[in-house]
Amino acid sequence: MPLETTLPDSGAADAGRFAEQILGGGLQAGDTLSPELAAHIRFLQKEHMKLCRQVRRLTETIERNKSIALEAAHLQAIRSAEERKQEKYMKLLLENSGDIIILCDDAGRFAYCTDSFLQKAGIDSFDRINGHYYREVFNRFSDAQWSGRIQDIFSAASENRESLSLEETVDIGGDGHPRRYSIHFTPMEDELGMVVGAMMLFHDIEEVLAAKEQAEQASIAKSEFLANMSHEIRTPMNAIIGMTRIAKSADEVEKKDYCLGKIENASAHLLGVINDILDMSKIEANKFELSFTEFDFEKMLMRITDVIDFRVGEKSQTLFVKTDPDIPDYIISDEQRLAQVITNLFSNAIKFTPEKGTISLKVHKVSESANGETCTLQIEVSDTGIGITEDQKARLFQSFVQADNSVSRKFGGTGLGLAISKRIIEMMGGVIWVESEPGKGSAFKFTIQAGVGSKTSTHEIFAPKMENIHALVVDDSSELREYFLALAKEIGFPCDEADGGAQAIAMMESKVYDIYFVDWRMPGMDGTELSREIRKKTGERTVIIMISAYEWGQIADKAKAAGVDGFIPKPIFSSNIVNCINRHFWVEKKFEPGPARPKPDAHDTVLEGKRILIAEDIDINREIVITLLEPWDMNIRCAENGEEALEMFQAEPDGFDLIFMDVHMPVMDGFVATRRIRAFEAETRAGLQKQVPIIAMTANVFAEDIEKCLASGMTDHVGKPLDMEQVVEKLKKYLAS
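This text gives an overview of the structure that appears in the document. (Residues numbered from 1 in each chain as written. Predicted model: local features only at pLDDT ≥ 70, side-chain atom pairs only at ≥ 80, totals over all residues. Heavy atoms only, no water.)

The grouping of Asp251, Glu252, Glu254 and Asp257 at the surface amounts to a negative patch. On the basis of relative accessibility, which here comes to 46%, the residue Asp257 falls in the partly exposed class. (Patch = residues over 30% accessible without salt bridge, like charges linked within 9 Å, V, L, I, M, F, W, Y side chains within 5 Å. Areas by Shrake-Rupley, 256 points an atom, 1.4 Å probe, with all protein chains shown as cover. Salt bridge = Lys/Arg side-chain N within 4 Å of Asp/Glu carboxyl O. Lys, Arg positive; Asp, Glu negative; His and termini not counted. Charge placed at Lys NZ, Arg CZ, Asp CG, Glu CD. Buried < 20%, exposed > 50% of the residue type's maximum accessible area, 1.4 Å probe, protein only.)

Below, the structure is given as structure tokens:
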């Protein structure tokens, strides 16, 4: 029903209430208003409802925004805590980083650095360098040139906006101990892509490079060791196989005996190499053990000198053995292993000492326990050889390493002997060291802890009372006379000395001697002439004993004809003196006849007259090759090293049809010699294709070894031990035309 009723006569107050009723929808049916007012009221009612809805929406929005704000605040709090945590760990990371990290601004001023840099540079606080130019800071531990190079790299990294790296050796601490660093430069950009600074990272690579070098050296040492082992094993095998082949074709018994002797010597060397390898394998597996027994120390030394005496004589060397009087007759130790150590040191001394050099063994007691049950012995083997450098000393006792491979190629050896000796000595409670200078010889010294044996040596005394025997020792070596007199005093008989035959004869005029100890080889009047004069003057009432480093079998006939009764070898031991009359030596006969030549087949005449050069440093290898090639009537010449082969070829460029070139030789090896021969051919035969065939002749037969031979300019390869059929096949291949 339309609102057409009139307002009540209730005054203004009632009008307000009436308006509230209208706004609140409180008009009742039957109430009348004017159309205009009614319309206006309806409009107000709509607006009121609209405002109420807006208020509700606004209230909901406020509540929702409040919730969002609370949630955002909560998230911000969580994010701030996480950022602080990350900042904490980042700071810990930087503070504990072994690398040096430096941040600079776009002008090159310090903005940050890790504590590692401050510690290295000796700077107590970052505040002292904060804002300083890095060149100013770096100049404390580097020169201006290095700082300038860093500046160039720094600028290039910033301009090109790329990371750059280099390796430098820098003494950041300024303590004289520079370190190698890998230095990285990385430009830093902001969110707009502008370069605002750079980071420098110094990574210490000293240990890494040292480990790398050590690993490379170990790899090289391993390769060299394997090559040496191949050489050391195949060389005696070459002699054994070659001499066996020669012996089979020989008709004379003497020649067969000669070949068998060479085979025996090569077999003994091969056995020594194998024993060294086995010993080292036991040491590496920690299964190397000693066996302690009681033995006669002097007799052990005598057995050692008996073994090496022939090699000493071959080089006309002088060998002395001096033991202090207080050395126990019997000691408790591992006799075999102790003898192995001394023999190894003797072998090295003989090997590296030139002809007519001197080698000596000295033994003295360093100390003895209070109860007298144990003692410390020091044993020294010295020589007048080539000596050892300080750098070589550092590598001398390492396994699988030789002091100088070029020298070892000349003298041979596995590189294991001293390492094994060191281990044996350490297991005996001792130490080993060397004192040496290049060109002044070497002295290898070691100590051992040994038990004192309960036995004492007994010598067969040929006279009732030693003190009643008057002796005269005649030798041109004052050192030997001094040692002989000390032994005589220890044994208990009086002894005079003379430096030669003339002085000895003069002394005989005024004194009668019972025994004469005469050196066989002396200047002026030698031992044989002196013995003859002594026998003429004294008749049969005296005993004449010849002393010599030479084998008794070589001088026995002349000595006995001159009236000599017995023989004592050098070096001299007290037991030899006491038992000199009864001591004799059997010496193997040495015979070196020329080998018989088998007749070649008729079809092999294509090799007759061909000119062959053999470059080989080992005598027996040359002998084998020459003997095996003799049936083909070739003209064979030899060189003992690569340098000699090069000189021979340069002197006669057209004088050789083929060269057999050993790879491992002293002075100049086969690789270098081949390259220089090829270079010489290129210079003297410009435009010509002709090259002399060079066939590698080596015990190294691995594929990489053959490739290395061919790469150096060699034409082909044959392995040791030589297969004669293969050698002849190669000869025909390159010489038949």
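Read on for the rest.
Here the focus is the sheet that holds strand 1 (residues 100-105). If you walk across this open sheet you meet the five strands as 2-1-5-4-3, and the pairing is antiparallel. Each edge of the sheet is formed by a strand with only one pairing partner; in this case those strands are strand 2 (110-113) and strand 3 (164-170). Each strand axis lies, on average, 25 degrees off the axis of its neighbour in the sheet, ignoring direction. In the sheet, strand 1 pairs with strand 2 via three bridges, with the strands oriented antiparallel. When the bridges of strand 2 are listed, Leu103 appears paired with Tyr112. (Pairing = 2+ DSSP bridges. Helix = DSSP H or I, 4+ residues; strand = E, 2+ residues; numbered from the N terminus. Axes fitted to C-alpha atoms, helices over the stretch in contact; angles between N-to-C directions.)

Our focus in this paragraph is the pairing of strand 16 (residues 543-548). Most of strand 16 is tucked away: five of the six residues are buried. Two strands pair when backbone bridges link them, and strand 15 (residues 515-519) and strand 16 are joined in this way by five bridges, in the parallel orientation. Residue pairing across strands places Val518 opposite Met546, the latter belonging to strand 16. What joins strand 15 to strand 16 is helix 15 (residues 527-538), and the crossover it makes is right-handed. Where strand 16 and strand 17 (residues 566-569) come together, four bridges link them in parallel fashion. Bridged to Ile547 within strand 17 is Ile568. (Right-handed = clockwise from strand over helix to strand, strands pointing away.)

For the rest of this paragraph, the subject is the nonpolar core. Counting residues in each nonpolar core, the largest one holds 48 residues, and the members touching the most others are Phe297, Leu338, Ile342 and Phe446. Ranked by residues supplied to this core, first place goes to helix 9 (residues 335-351) with eight residues. Phe446 has contacts with Leu338, Val341, Ile342, Leu345, Leu377, Gln378, Ile379, Ile425, Val431, Ile432 and Trp433, leaving out every residue within four places of it along the chain. Core analysis: the next-biggest nonpolar cluster, separate from the first, contains 32 residues, Met243, Cys259, Ile263 and Leu722 among them. (Core = buried A, V, L, I, M, F, W, Y, C linked by side-chain atoms within 4.5 Å. Contact = heavy atoms within 4.5 Å.)

This part is about the environment of Glu167. In this structure, Glu167 sits in strand 3. The spatial distance from the C-alpha of Glu167 to the C-alpha of Phe202 is 9.4 Å, given a sequence separation of 35 residues. If near-sequence neighbours (up to four positions away) are discounted, Glu167 is found in contact with Tyr181, Ser182 and Ile205.

Within the secondary structure, Ser442 sits in strand 12 (residues 442-452). A polar side-chain atom of Ser442 sits 2.9 Å from a polar atom in the side chain of Ser436. If near-sequence neighbours (up to four positions away) are discounted, Ser442 is found in contact with Val381, Ser382, Asp383, Gly387, Ile388, Val434, Glu435 and Ser436. (Polar contact = N/O pair within 3.5 Å; in protein donor to acceptor, adjacent residues only side chain to side chain.)

Judged by pairing direction, the sheet is parallel, and its five strands sit side by side in the order 14-13-15-16-17 without closing on themselves. What marks the edges here is a single partner per strand, and that holds for strand 14 (495-498) and strand 17. Each adjacent strand pair in this sheet contributes to an overall mean axis angle of 20 degrees, direction not counted. Sheet analysis places strand 13 (residues 471-474) next to strand 15, joined by four bridges and oriented parallel. Bridged to Ala471 within strand 15 is Ile515.

Moving on: the pairing of strand 9 (residues 358-368). Bridge count for strand 7 (residues 318-323) against strand 9 is six bridges, and the pairing is parallel. Paired with Val321 across the bridge in strand 9 is Leu361. Relative to strand 10 (residues 374-383), strand 9 runs antiparallel, the two being bridged by nine bridges. Residue pairing across strands places Lys362 opposite Glu380, the latter belonging to strand 10. Between strand 9 and strand 10, which pair antiparallel in sequence order, lie five residues; one of them, Gly372, sits at a positive phi of approximately 75 degrees.

A word on helix 8 (residues 297-314). In an α-helix there are 3.6 residues to a turn, and that puts residues three or four apart on one side. Relative to the 26 Å expected for 18 residues at 1.5 Å per residue, helix 8 spans 27 Å between its end C-alpha atoms, a close match to the ideal helical length. By the largest-angle criterion, Ile308 marks the main kink of helix 8, which is about 45 degrees. Those residues of helix 8 that fall on the buried side of the exposure criterion are Phe297, Glu298, Met300, Leu301, Met302, Ile304, Thr305, Ile308, Asp309 and Val312. Two or three places before Glu298, at the start of helix 8, stands the capping residue Asp296, its side-chain oxygen 3.1 Å from that residue's backbone nitrogen. Ser316 occupies a position one or two residues after helix 8 and carries a positive phi of about 55 degrees. (Expected span 1.5 Å × (residues − 1). Bend = angle between axes of the 7 residues up to and from the residue.)

What follows deals with the packing of aromatic side chains. Evaluated as defined, the whole model comprises five aromatic pairs. Measuring from ring centre to ring centre gives 6.1 Å for Tyr181 and Phe202, while their planes differ by 80 degrees; the resulting arrangement is edge-to-face. Placement of Tyr181 in strand 4 (residues 179-189) and of Phe202 in strand 5 (residues 195-204) is noted, with a sequence separation of 21 residues between them. Classification of Tyr181 by relative accessible area gives buried; the value is 3%. Here Lys322 stacks its cationic end above the ring of Phe320, 5.8 Å away from the centre of that ring. (Phe/Tyr/Trp six-rings, centres within 6.5 Å; stacked < 30°, edge-to-face > 60°. Lys NZ or Arg CZ within 6 Å of the ring centre and 35° of its normal.)

Attention now goes to a positive patch on the surface. Positive charge collects at one region of the surface, where Lys50, Arg53, Arg56 and Arg57 lie side by side. You can see Arg57 is positioned in helix 2 (residues 35-96). Accessibility expressed as a relative area gives 46% for Arg57, which makes it partly exposed.

Turning our eyes to something else, we now look at unusual backbone geometry. Geometrically, the link from Lys570 to Pro571 is a cis peptide bond, its omega value of 0 degrees lying close to zero. Note on placement: Pro571 falls in the loop between strand 17 and helix 17 (574-578). The phi torsion at Ser316 lies on the positive side, around 55 degrees, for a residue other than glycine. Along the chain, Ser316 turns up in the loop between helix 8 and strand 7. Even without glycine at this site, Lys356 takes up a positive phi of about 65 degrees. On the secondary structure map, Lys356 appears in the loop between helix 9 and strand 9. Given a relative accessible area of 68%, Lys356 falls into the exposed group.

Tallied over the full model, the rule gives 28 salt bridges. Between Lys422 and Glu426 there is a salt bridge, and its shortest N-O distance comes to 2.6 Å. With Lys422 and Glu426 both in helix 12 (residues 417-427) and four residues apart, this pair spans about one turn of that helix. You can call Glu426 partly exposed: its relative accessible area is 39%. Of the charged contacts in the structure, one is a salt bridge between Asp657 and Arg611, with a shortest N-O distance of 3.0 Å. Taken as a pair, Asp657 in the loop between helix 19 (642-651) and strand 20 (658-662) and Arg611 in strand 18 (residues 611-615) lie far apart in primary sequence, 46 residues in all. With a relative accessible area of 22%, Asp657 lands in the partly exposed category. Owing to a relative accessible area of 30%, Arg611 belongs among the partly exposed residues under this scheme. Several salt bridges converge on common partners, so that one network encompasses Arg179, Asp204 and Glu207.

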